[in-house]
Amino acid sequence: MTDRIRWVLLAAAVAVLVTFLLVQKQSTDVSYGQAPAAKDPIPEGSAGELSGATLPSDEQLTAMVGAAPVVRLPGAIATWDDQAVRAAAGGTGYRILVVPPGLKKADAQRVHEVEAATVRIVGTEVSGGIYQASADRASEWIHQFATGDVTGSLTTLIARLNHRPEPPDQPAIARRDPTAGELTAVTTALRGTGRYLAPGATLNDAPATTSAFPGAQPLYVALPRQPAGQPLVHFGPALAKEFPGRPIVAVYGQWIEYDGPSAAAFSEVVTASFYGQFADRLSEYAYPQRNVLGAWLDRVTAIRYAGLFDRPLPYTPFDPLRVALPALPWLFAACAVGFLALSARRVVHRDRPATTGVPARLAGLTALAVEVSGLTDGASAAALTRGITQLTAAGEAFTEKLPDRHVHSLLDAAESDLDTTADLIGRPDYRPAAFLRGRLA
């Protein structure tokens, strides 16, 4: 019976191991469709990001910064709250050099090397000393890219340079609903061409269809950079009511917002992903709105085709093997341990009689004493007599139901005497271990 259990455990261990190895080849591939191939990247310098602005000489820049606390070159777009900056400085002096975005790398490097300037602002990129201050949340990005307001980054940097406590966060940008006249002008243009371009906007070729919104034609509202410190006209919700089911994309300078179907599902994710990656680039260069919008639409496409937003996951049938998979290594280990334990027990007990109960040992040793009784004489007869005496005592102890430990001690003594008897008569086949194994196993 033990051998049968041992081999059953071995077979189960092999079956579990084979099943586990075969399962490793299984895989699940769930896709809503292949995302369209990304457009070829535009070579740097060919995407309209360079403004063509020029700078005075290094000596002139140094002289200008030394003559005034704030130097603003023609074409500079960055603005800030003077009161908040003075509070962050805490009475310490500072000198700010503000230059336009879209400089060539060599010119941008010259700006960073003007040592007389405490703070240098290229476009809306704020740096000073060894530090560069960058926005890291939507509430700050909208100030920076919709209005050119760098108050948050500027106050943080000046406070750090002067070893002062970090200033409070910049208040959220104010918004207002469009007036009836503003809404009428925008909706009229959208019904006619699908886009509204405010004076000063550079979005002149927005795509009528895009894989970012399959099956729908988005509507575009493009406005130039808005005045800092004034409420931002919130066109999205109002237009979503006028054009239900249509994607609404509003561009304020370099800031893009989305309203329409599934906006709550993915628009915040797109904003965090897009500006988290490209904010540094957008702040330093003068990209036209059409390029910023194109990159934003590509990010929307990539995220929506990932199948994580605005669509339910496809049905996946219950797979009991997948559920049980983590338990297979433990089941294999249990079967292997059981097989090894039974195998070790068989090796340890291979020289002992298969049956070691009191009645079996008593009967076997008594039969051995009868077998050798006709072969003994002299010393061997004395040893046999001692053995028979111990067997008689063991039989009486067993009959009187004395403890098994006592009975086994008497049988051990009898077995020792019978072993001596077999040794004296020169018959190893009559040694108890060999005799009992052959007859009682």
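Treat the numbers as computed from the prediction; the structure is a model and nothing was measured.

1. Here we look at the packing of helix α13 (residues 358–372) against helix α14 (residues 379–399)
Link 1 in the chain: Two elements in contact, α13 and α14, have axes separated by 10 Å at closest approach and are oriented at 150 degrees. In terms of orientation, α13 lies roughly antiparallel with respect to α14. Here the hand of the crossing between α13 and α14 comes out left-handed. Here Val358, Pro359, Leu362, Leu365, Thr366, Ala369 and Val372 of α13 lie close against α14, whose contacting residues are Leu384, Ile388, Leu391, Ala394, Gly395 and Phe398.

2. Describing the side chain of Glu257
Link 1 in the chain: Mapped onto the fold, Glu257 is located in strand β11 (residues 255–259).
Link 2 in the chain: A polar side-chain atom of Glu257 sits 3.0 Å from a polar atom in the side chain of Trp255.
Link 3 in the chain: In contact with Glu257, other than residues within four places in its own chain, are Ile142, Arg175, His234, Ile248, Val249, Ala250 and Tyr252.

3. Re the confidence of the model for the protein chain
Link 1 in the chain: Model confidence for the protein chain is summarised by a mean pLDDT of 84, while 86% of its residues fall at 70 or above.
Link 2 in the chain: Model confidence for the protein chain, summarised as mean pLDDT per element, is weakest for helix α11 (residues 320–324) at 66 and strongest for strand β10 (residues 248–252) at 97.
Link 3 in the chain: With pLDDT under 50 throughout, residues 350–355 is counted as low confidence; its partners more than four residues away or in other chains account for eight contacts.

4. Concerning the pairing of strand β3 (residues 119–122)
Link 1 in the chain: With burial as the criterion, each face of β3 is covered, one bearing Val119 and Ile121 and the other bearing Arg120 and Val122.
Link 2 in the chain: For strand β2 (residues 96–99) and β3, the ladder comprises four bridges, and the chain directions are parallel. Of the residues in β3, the one forming a bridge with Val99 is Val122.
Link 3 in the chain: As for the winding sense of the linkage, the β-α-β connection from β2 through helix α4 (residues 105–112) to β3 is right-handed.
Link 4 in the chain: Where β3 lies against strand β4 (residues 125–128), three bridges are found, and the strand directions are antiparallel. Considered in β4, the bridge of Val122 is made with Glu125.

Thresholds applied
Residues numbered from 1 in each chain as written. Predicted model: local features only at pLDDT ≥ 70, side-chain atom pairs only at ≥ 80, totals over all residues. Heavy atoms only, no water. Axes fitted to C-alpha atoms, helices over the stretch in contact; angles between N-to-C directions. Helix = DSSP H or I, 4+ residues; strand = E, 2+ residues; numbered from the N terminus. Parallel < 35°, antiparallel > 145°, perpendicular 65-115°, else oblique. Left-handed = near helix turned anticlockwise from the far one by under 90°. Contact = heavy atoms within 4.5 Å. Polar contact = N/O pair within 3.5 Å; in protein donor to acceptor, adjacent residues only side chain to side chain. pLDDT = per-residue confidence, 0-100. Buried < 20%, exposed > 50% of the residue type's maximum accessible area, 1.4 Å probe, protein only. Pairing = 2+ DSSP bridges. Right-handed = clockwise from strand over helix to strand, strands pointing away.

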